[in-house]
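Single-letter residue listing:
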Amino acid sequence: MRGKVLLFWGGILLAMFCAACAPADSETAENSYQLYFREEDLSASSGGDVFRTETVELAEGLDTQASVEALVEGLLDGPQSELLRGTLPASTTLLSAKVEGSRAVVDFSAAYSTLSGVRLTMADYAVTLTLTQLPEITSVKITVQGQELAYRDKQVFTARDVLLSSEEDVVGTVDAALFFLNEEGGLTEEQRTLDLYEGDTQAAAVIRALEGVPETKGLSTALPEGFRVRSVWQEEDTCYVNLSSALVDGLSEDLPLGTALRSLSQSLCSLEAVSEVRFLVDGEFEERYGSVDVSEPYTA
């Protein structure tokens, strides 16, 4: 079954490459550009073009940076055709767009970090192909809240090499229940299939997903802003989560650290191989966090 899946996605990536090399469907005006979207039904695209474009005409007199911003906003607005779908998560916003020489540096909100594997490749591909139509832009760098995505092999893309990104490193997947905050402030699970990369672990994939944003409307992250896990590892059926003392001590008392720990615990315990989660601070066990019993409400 895994071989069939890889073969299917391989066909999609090949089709994406062919679509990129194909000429535009028709000649366009001087200020007209193509926005790259994907087919709504990918299953119908196997062996054919995955991407389709829609034409947008920019206002006259825009400089390169303003043109970059306008094109990215066009991608975020999504396609007009019901047969097409945007590649960027619906809640993504553009934080900034800068032009550094011949490179466009695009910074997105945290929603972009929920992408991985083929979905990330397609989003990177759509942004890059759209922006490199500008004669002044030959490469694109995409960041999230000013930070590079660490699980990418490369951070700067051109129209020709964007497909050589992280999809080749995906070695498997894992099903997990991720726990996010609902509108009432309680924890609600979101079922997700997570990509595993070369050298990755199931626990690390769960942490990475929790540090992003949920895909379900009405849910939000249970982790305080700026919260990051220093490291995570597993010994037998116990998962150890190492936090930074600087991060923990810097949190104000009104931030829901207890809820964050419970979100981490319940999500990690949804993995078949994990039955307990223990928290450490700077590598040392600390009684006030310790282990969280996910069968009972947690209080810090």
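K.L.:
Mind showing me how you'd approach the overall build of the chain here?
P.N.:
Tallying secondary structure elements over the chain gives six helices and 13 strands in all. Buried positions account for 47% of the 300 residues belonging to the chain. Intrachain contacts of the chain at a sequence separation of at least 6 include 62% that bridge at least 24 residues. When the accessible area of the chain is evaluated, it comes to approximately 15200 Å², of which 47% is carbon and sulfur surface.

K.L.:
When you look at the nonpolar core in this model, what are you seeing that I'm missing?
P.N.:
Generally speaking, nonpolar side chains in soluble globular proteins are found buried as a group. Counting residues in hydrophobic clusters, the biggest one holds 30 residues, and the most contacted among them are Leu178, Leu194, Val206, Val241, Leu264, Leu268 and Val277. Where this core is concerned, the elements lending two or more residues are strand E8 (170-181), strand E9 (187-197), helix H4 (202-210), strand E11 (238-243), helix H6 (257-269) and strand E12 (276-281). What Val241 contacts, discounting residues up to four positions off in sequence, is Val229, Ser231, Val232, Leu268, Val277, Arg278, Phe279 and Leu280. Of all hydrophobic cores here, the second largest spans 29 residues; its members include Val72, Leu75, Leu149 and Tyr197.

K.L.:
What am I meant to see in the environment of Thr193 here?
P.N.:
The topology assignment puts Thr193 in strand E9. Here Thr193 falls in the exposed class, since its relative accessible area comes to 51%. Taking the C-alpha atoms as reference points, Thr193 and Val206, separated by 13 residues in sequence, lie 9.8 Å from one another. Not counting chain neighbours up to four residues away, the residues in contact with Thr193 comprise Thr173, Val174 and Asp175. A distance of 2.8 Å separates a polar atom in the side chain of Thr193 from a polar atom in the side chain of Asp175.

K.L.:
Sorry, what's going on with the side chain of Arg192 here?
P.N.:
With respect to the helices and strands, Arg192 occurs in strand E9. Among the polar contacts listed, one links the side chain of Arg192 to the side chain of Glu190, at a separation of 2.6 Å. In this structure, Arg192 is in contact with Val174, Asp175, Ala176, Leu178, Phe180, Ala209, Val213, Pro214 and Glu215, ignoring residues within four places of it in sequence.

K.L.:
Would you explain the packing of aromatic side chains in this entry?
P.N.:
To describe a pair of aromatic rings, you give the distance between the ring centres and the angle between the ring planes. Summed over the entire model, instances satisfying the criterion amount to two aromatic pairs. A centroid spacing of 4.8 Å and a plane angle of 15 degrees characterise the contact between Phe108 and Tyr112, whose relative ring orientation is stacked. The same class applies to Phe108 as to Tyr112, namely buried. Look at Trp233 and Tyr240: their rings are 5.7 Å apart centre to centre, the planes differ by 15 degrees, and that puts the pair in the stacked class. Take Trp233: its relative accessible area is 32%, and that puts it in the partly exposed class.

K.L.:
I'm lost on the packing of H4 against H6 in this one. Help?
P.N.:
Angle between the axes and distance between the axes are the two parameters that describe a pair of packed helices. At a closest axis distance of 10 Å, the pairing of H4 and H6 adopts a crossing angle of 140 degrees. Taken together, the axis directions place H4 and H6 in an arrangement best described as oblique. Seen from above, H4 lies across H6 with right-handed handedness. Contacts between H4 and H6 pair Ala203, Val206, Ile207 and Leu210 from the former with Ser263, Leu264, Ser267 and Leu268 from the latter.

K.L.:
Help me understand H6 in this model?
P.N.:
Quick reminder: α-helices carry 3.6 residues per turn. Residues three or four places apart thus point the same way. When the terminal C-alpha atoms of H6 are compared, their 18 Å separation across 13 residues agrees well with the 18 Å that a helix rising 1.5 Å per residue should span. Along H6, twelve of the 13 residues are buried, which leaves the element largely enclosed by surrounding structure. The complete set of buried residues in H6 reads Leu257, Gly258, Ala260, Leu261, Arg262, Ser263, Leu264, Ser265, Gln266, Ser267, Leu268 and Cys269.

K.L.:
I'm lost on the sheet that holds strand E1 (residues 32-39) in this one. Help?
P.N.:
Whether parallel or antiparallel, the strands of a sheet pair through hydrogen bonds between backbone atoms. One open sheet holds the three strands; their spatial order is E2-E1-E3, and the pairing between them is antiparallel. Of all strands in the sheet, those with a lone pairing partner are strand E2 (51-57) and strand E3 (84-85), marking the two edges. With two bridges joining them, E1 and E3 adopt antiparallel strand pairing. Bridging from a neighbouring strand, Arg38 pairs with Arg85 of E3. Lying over the sheet, helix H2 (residues 64-77) contacts E1 and E2, oriented at roughly 30 degrees with respect to E1. Here helix H3 (residues 117-131) sits on the sheet in contact with E1 and E2, set at roughly 165 degrees to E1.

K.L.:
Sorry, what's going on with the environment of Tyr240 here?
P.N.:
Examined against the element boundaries, Tyr240 turns out to sit in strand E11. In this structure the C-alpha to C-alpha distance between Tyr240 and Phe285, which are 45 residues apart in sequence, comes to 9.7 Å. For Tyr240, the contacting residues outside a window of four places in its chain are Ser231, Val232, Trp233, Glu235, Arg278 and Leu280.

K.L.:
Even after reading the chapter, I still don't get the pairing of E12, so can you show me in this structure?
P.N.:
On any regular strand, side chains alternate: one points to one face of the sheet, the next to the other face. Of the strand pairs in this sheet, E11 and E12 are connected by six bridges, and their pairing is parallel. Each bridged residue has a counterpart across the sheet, and for Asn242 the counterpart in E12 is Leu280. Bridging between E12 and strand E13 (residues 284-285) involves two bridges; their strand directions are antiparallel. Within E13, the residue paired with Val281 across the bridge is Glu284. The antiparallel hairpin formed by E12 and E13 contains two residues in its connecting segment, where Asp282 sits at a positive phi of about 55 degrees.

The rules behind these values
- Residues numbered from 1 in each chain as written.
- Predicted model: local features only at pLDDT ≥ 70, side-chain atom pairs only at ≥ 80, totals over all residues.
- Heavy atoms only, no water.
- Helix = DSSP H or I, 4+ residues; strand = E, 2+ residues; numbered from the N terminus.
- Buried < 20%, exposed > 50% of the residue type's maximum accessible area, 1.4 Å probe, protein only.
- Contact = heavy atoms within 4.5 Å.
- Areas by Shrake-Rupley, 256 points an atom, 1.4 Å probe, with all protein chains shown as cover.
- Core = buried A, V, L, I, M, F, W, Y, C linked by side-chain atoms within 4.5 Å.
- Polar contact = N/O pair within 3.5 Å; in protein donor to acceptor, adjacent residues only side chain to side chain.
- Phe/Tyr/Trp six-rings, centres within 6.5 Å; stacked < 30°, edge-to-face > 60°.
- Axes fitted to C-alpha atoms, helices over the stretch in contact; angles between N-to-C directions.
- Parallel < 35°, antiparallel > 145°, perpendicular 65-115°, else oblique.
- Left-handed = near helix turned anticlockwise from the far one by under 90°.
- Expected span 1.5 Å × (residues − 1).
- Pairing = 2+ DSSP bridges.

Everything listed here is a matter of coordinates, which is why it stays silent on function.
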